[in-house]
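Each chain, letter by letter, is given below.
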Amino acid sequence: MKKHLFELLLLLFSVAIPFALDMNLAVYGMLATFLLFLALRRLNYWLFALVFGFVLITCVLFLPQIIWFGHPPATMIGAFFETDFQESKEFMQQLPFYAYGVSVLTLVFGGYILYVGKKKTYPHSRNQKFITLGMAVVGALLTLYRPWAKIKEEGSFQWQNTRTAPIAFYASIYHNVQYYKQLRADLNQSIEGSPSWQVVSANPKYANYVLVIGESVRKDYMSAYGFPVENSSFLKSAKGTLIDGYTATAPNTTTALLRMFLKQKDGEFAYADNLISLAKAAGFGTYWISNQGSVGEWDTPIAKIASLCDHKVFTKKGDYSSMNIYDTALLPVLQRFLAEKSTQPRLFVVHIMGSHTYFPERLEHAIHYDYYNRNFSAYLQTIEQTDAFLQSVYKLLEAQHLPFSMLYFADHGLMTKDRSSSFFATLTHGDTHPNKAVYRIPFALLNSDDSEHKVIKVNKSAFHFLKGYAHWLGIEEPSLGGYDFLSTTPDTLKVFNQYENVPFESLEEDEVIRN
C-alpha cells in the first residue's frame, strides 16, 4: 500500500477534479487525467509539479464559487469583467464558510500529493520508458477522442468537448472569454449605429414616464404578492396595477435586460434598436439615473444603452474605488431633473441596486426583521427599502402636478441555497441550474389617473417587454405590434437558462423558506 501511495492519491485527485470544477463526469476522462499526470511524474518531477500545481491552484480558487454557483457560463464570465471591487468583496462575503474550508482541504491534499510524489522514484530502464510513453499515448488518445468524434457536428476541433476535466475546463473558460469579448465588440460597434425604427405616430398620454429597474427581487417574498411578513405596503395598496405572473427573461441582470431592451432579428441582438433609441425617435427627452456601475474597460452593455440618453447620471464609476452607495442617493437627482421645464414628453430610467447580494450591504439602517436567519431578514428589509424608494419616486412625480406613469419591475429573482441549513441558508443568483423562482418577478404599473388598486393574475413574458414598452409610451411602430402589459391574454412562457431558451414549466420549483 505504501509503495503505491502516490499513485493511489493521484488517482483519487484525478477522480475528484470533475466534481471540483463542475465538469462532465466520464470514467475514461478521469483515467486520461490520471495517466497524463502519472506520465509527467515518471518523466520529470518538476514538470509534473508545475502542471499539477497549476491545476491544483485552479481547483482551490474556483471551488468556493463552483460549490455555490456551478461551472461559470459565458454570462458569468461577463459578470466577472463587469464587477468592481465593492461587488467583488460582496461576492466573496456571500459564499459560505464551508466552501472556503473545502478549498483549504483541497490545497492540503494536493500539497501532500506533491510531497509524496517528490519522494517517489521510478527506474530509468528501457521498459519503464515504454510504460511511460504508453501512459502518455493512452491518456492523449482518451483526451482527443470526443473532440475528434464531434468535429462533424461542431464544424471544427473543440478542446472544450474533451472529457479530460482540466483541459476541458481551461478550454471552456477561454472559449467563454472569447465569446464575451466578441459580444462586447459587436455591442461597441453597433450600439451607436442607425436604428431601424419606423415610428408611425407618438401619442404619449402622460408628461413624465418613469421606469424603475429593480434588482434581484422574487415576488413571493413580497407582502404585495401575499408573503405573510409586511415589507411592501406601498405596492400593496397604491392605485395602479400589479401583474401576478410576470416572468423575467434570464437569471442575471445583463442577460435579462438585453433580452428586454433590445430588438432581436433572426436570433441576433439589434443593438441600435433599443428602448432608448425608440423613445428618442418618438420625440421623448431621455434620462438615465443609475446606482450601478458605468465605466471602465469592461463597460456593461446596459451602461452602453444608457449612454445614448440625453442626460445620464451614474453614482458609481465601476472602478476599484467604487463605494457602496444607497439607492436613496438617486432621489435628489431625479427631483432636479423633474423640476426642469420641458416641452417634450420625458422618459426617466432609474436603475437601482435594490436587493443585490450581499443583502446587509444594501441596508441604510440596522436589520429590524427577525425571519429565519440574518440573510433572509436582510433580504426582506431590502424589499421594504425598495418599496419605500418607489413611494418616494411616486411622491416626487405627484409634486410636479403633471400627468405621469411609473413602471417598476425587477430584472430577475433569486434561488434558495443551503435550504437545509438554518444558519447558511440564503438566496443567490441562479446563474447555473436556475429554477422557477429565479424568473418570477414583481411588475407594477402606476398611473396618475388610476383610481383603484388592482392585481391581474396572468402569465406575461418579459421577452415581449419592448412591445409593451412602446404601447406604454404611446408609440406606434410596425415591427413592435400592439402589446398591452395589462391585457389579460396570457403569454407562452419561455426563459433563457444561460445556454438556450427553455419552457418555463420545465424548471423545478423553489418554495419560500418558512420561518
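So, how was this worked out
- Residues numbered from 1 in each chain as written.
- Predicted model: local features only at pLDDT ≥ 70, side-chain atom pairs only at ≥ 80, totals over all residues.
- Heavy atoms only, no water.
- Helix = DSSP H or I, 4+ residues; strand = E, 2+ residues; numbered from the N terminus.
- Buried < 20%, exposed > 50% of the residue type's maximum accessible area, 1.4 Å probe, protein only.
- Polar contact = N/O pair within 3.5 Å; in protein donor to acceptor, adjacent residues only side chain to side chain.
- Contact = heavy atoms within 4.5 Å.
- pLDDT = per-residue confidence, 0-100.
- 1 Å grid on protein atoms, 1.4 Å probe; cavity = no way out; pocket = protein on both sides within 12 Å on 5 of 7 lines; lining within 4 Å.
- Points joined across faces, edges and corners; volume = space filled by probe spheres on them.
- Nonpolar A, V, L, I, M, F, W, Y, C, P; charged D, E, K, R; others polar.

What about the side chain of S216?
Moving on, step 1. Looking at the secondary structure, you find S216 in the loop between β2 (208-214) and α10 (233-237).
Moving on, step 2. With a relative accessible area of 0%, S216 lands in the buried category.
Moving on, step 3. Engagement of the side chain of S216 in a polar contact is seen with the side chain of E215, the distance being 2.6 Å.
Moving on, step 4. Once residues within four sequence positions are removed from consideration, S216 is found in contact with S355, H356, Y379, D411, H412, G413, L414 and H429.

Here's the deal with the environment of D411
Moving on, step 1. Tracing the backbone shows D411 in the loop between β9 (404-410) and β10 (415-417).
Moving on, step 2. A relative accessible area of 0% means that D411 is categorised as buried.
Moving on, step 3. Distance from D411 to T255, taken between C-alpha atoms, is 9.4 Å for residues 156 residues apart in sequence.
Moving on, step 4. When near neighbours in sequence (up to four residues on either side) are disregarded, D411 contacts G214, E215, S216, A248, A250, T253, A256 and L257.

Section: unusual backbone geometry
Moving on, step 1. A cis amide bond links T357 to the next residue, Y358, at an omega of 10 degrees.
Moving on, step 2. Of note, Y358 is situated in the loop between β8 (346-351) and α15 (374-399).
Moving on, step 3. Of note, S216 is a non-glycine position whose phi angle comes to about 60 degrees, a positive value.
Moving on, step 4. Its identity as a non-glycine residue notwithstanding, Q498 has a phi of 90 degrees, on the positive side.
Moving on, step 5. Position of Q498 relative to the elements: it lies in the loop between β15 (494-496) and β16 (501-503).

Here we look at the confidence of the model for the protein
Moving on, step 1. Put simply, the protein has an average pLDDT of 88, and 89% of its residues get 70 or more.
Moving on, step 2. Scored below 50 in pLDDT, residues 318-322 shows 11 contacts in the model against residues more than four places distant or in partner chains.

Observations concerning the environment of Q400
Moving on, step 1. Of note, Q400 is situated in the loop between α15 and β9.
Moving on, step 2. In this structure, the C-alpha to C-alpha distance between Q400 and A339, residues 61 residues apart in sequence, is 7.2 Å.
Moving on, step 3. Beyond its immediate stretch of four places on either side in the chain, Q400 contacts L338 and A339.
Moving on, step 4. Among the polar contacts made by the side chain of Q400, one reaches the main-chain carbonyl oxygen of L396 at a distance of 3.4 Å.

What to know about empty space enclosed by the protein
Moving on, step 1. In this structure the tally under the stated criterion is 2 cavities of 30 Å³ or more.
Moving on, step 2. Approximately 50 Å³ is the volume attributed to the largest cavity.
Moving on, step 3. Taken together, D327, T328, G354, E364, T382, Q385, T386 and F389 make up the full set of residues lining the largest cavity.
Moving on, step 4. Grouping the amino acids of the lining of the largest cavity by side-chain chemistry returns 1 nonpolar, 5 polar and 2 charged.
Moving on, step 5. In terms of lining residues, the second largest cavity is bounded by N324, I325, Y326, D327, M353, G354, E361, R362 and Q385.

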